[in-house]
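Observations on the three-dimensional arrangement
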Amino acid sequence: MKTKNWKRIPGCYSLALAAVLLVFVVVAALHSPKIIVSSSVNLDGMTEITVREINSVALREYTTNLSKHYSPATLPNADIKRWEAYKFGAFISFNTQQFTGRELCRTADPQIYQPIELDVENWIDAIDLAGMKYAILTTRSTSGFLLWDSPTTYDDVGSSQNKTDVVQAFTDECRKHNITPGLYYGMWGGEWKKHSQAREIILAQLFELATKYGDIEYFFIDMLNWLPDNLPPQEIYDLLKSLQPETIVLMNQHIQDGTRIRHFPTDVLNGEMTLPPISGHERYREVAGKKYYLPFEFEPVSQRAYGKAVGITPFGPGCWFTYGGGRSFPESTPFLAEQLHSWIKDAYSRGASNVLLSLAPDHTGKMRSIDVEQLRRLGILLKEDL
């Protein structure tokens, strides 16, 4: 079983004590078990991924078939039609950002994750109130912190002060409310967080997400510009499709209006805070001489940023994550429901099949009352449109 030796170091010590603690932490780090993740391909084409601590037996062994290649739909099949029927969903952006105040959080310390009122039921109640039919959870964002306990790393909830498997709680609560759960995973290993085993670790973590939590009908894969050189998007797509045959896989095309295809294969095109063209989204697109049916998802944000914004909305600077008060960084505030309603209606009129609105609890782990009220009001306004 994986051991985790992270300890929180209290503040306000004398310089001498701090120095002693620093030495202790360095020594502990040097003696912490090292996780090794390796892969091999059998004669029958099956890929085996092994997770172990150095000089120990394997913690996990995963077997998957990456020799079979999958491709997006050429016509709107049953899986795509099911996805298009969702119409309105929640992009639950919750990770270490809430605790650092930085959208592009780089802090690799699981001890900063300290939600003192973690209440996943509260999140799902709020999005149900808004009439949302699907939800995506940021299982791994830019810092590398995982919202589940994985044998592949020490940077996860299992090493934090709140060990709740948030992915499990999220998928369970979604299903109780008849809301379809989906999972977001942010890539790394190229220019971002180089690691000699990046390919194997990514595949192992995606394998866990695709096999531990029941049917996952939607995977949102982000930051493909940070992929390690030896891990093509096709291999990620094949892994997820082989393990979840009915899933929809979106490879994030980044901030643009859906006219460009930057990462392929993908079942869906999208625009981060960007509407489709005024002329409307073109669903049938040609890639390498073959036409595919690629609907559009619009991804607006619900929060006004007062720190460093991640993008500009029609109503001012916006951010993906929700930042609560009482911290060392500015608090975010919700846009007016009427503003969001107008923006979302415009997306539908331009051919967006679905709208995925970013929202989240703050650092407490619970939705703020002002954000719940925003969603309640937005649900009322959108009721006739959906």
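Computed from a predicted structure; not experimentally measured.

Our focus in this paragraph is the environment of Arg82. Residue position: Arg82 is located in helix H2 (residues 78–84). For Arg82 and Glu217, which are 135 residues apart along the polypeptide, the C-alpha to C-alpha distance reads 9.3 Å.

What follows covers the pairing of strand S3 (residues 58–65). The sheet contact formed by strand S2 (residues 46–53) and S3 spans seven bridges and is antiparallel. Note on S3: the bridge partner recorded for Thr47 is Thr64.

On to the side chain of Ser160. Mapped onto the fold, Ser160 is located in the loop between strand S5 (134–140) and helix H5 (166–176). Within the structure, the side chain of Ser160 is placed 2.8 Å from the backbone oxygen of Val157, a separation counted as a polar contact. Apart from residues lying up to four places away in sequence, Ser160 is in contact with Pro110, Gln111, Tyr113 and Phe145.

All right, on to the packing of aromatic side chains then. Summed over all chains, the structure comprises 20 aromatic pairs. Among the aromatic residues, those joined into a ring-pair cluster are Phe94, Phe99, Tyr113, Trp123 and Phe145.

Before going further, it helps to spend a moment on the packing of helix H8 (residues 337–349) against helix H9 (residues 369–382). As a packed pair, H8 and H9 sit with axes 9 Å apart at the nearest point and diverge in direction by 45 degrees. The orientation of H8 relative to H9 falls into the category oblique. Two packed elements cross with a definite hand, and for H8 against H9 that hand is right-handed. Listed contacts from H9 to Ala337, Glu338, Leu340, His341 and Ile344 of H8 are Gln374, Arg377, Leu378, Leu381 and Leu382. Tallied by class, the residues present in the contact of H8 with H9 amount to six nonpolar, two polar and two charged.

Rules used in this analysis
Residues numbered from 1 in each chain as written. Predicted model: local features only at pLDDT ≥ 70, side-chain atom pairs only at ≥ 80, totals over all residues. Heavy atoms only, no water. Helix = DSSP H or I, 4+ residues; strand = E, 2+ residues; numbered from the N terminus. Pairing = 2+ DSSP bridges. Polar contact = N/O pair within 3.5 Å; in protein donor to acceptor, adjacent residues only side chain to side chain. Contact = heavy atoms within 4.5 Å. Phe/Tyr/Trp six-rings, centres within 6.5 Å; stacked < 30°, edge-to-face > 60°. Axes fitted to C-alpha atoms, helices over the stretch in contact; angles between N-to-C directions. Parallel < 35°, antiparallel > 145°, perpendicular 65-115°, else oblique. Left-handed = near helix turned anticlockwise from the far one by under 90°. Nonpolar A, V, L, I, M, F, W, Y, C, P; charged D, E, K, R; others polar.

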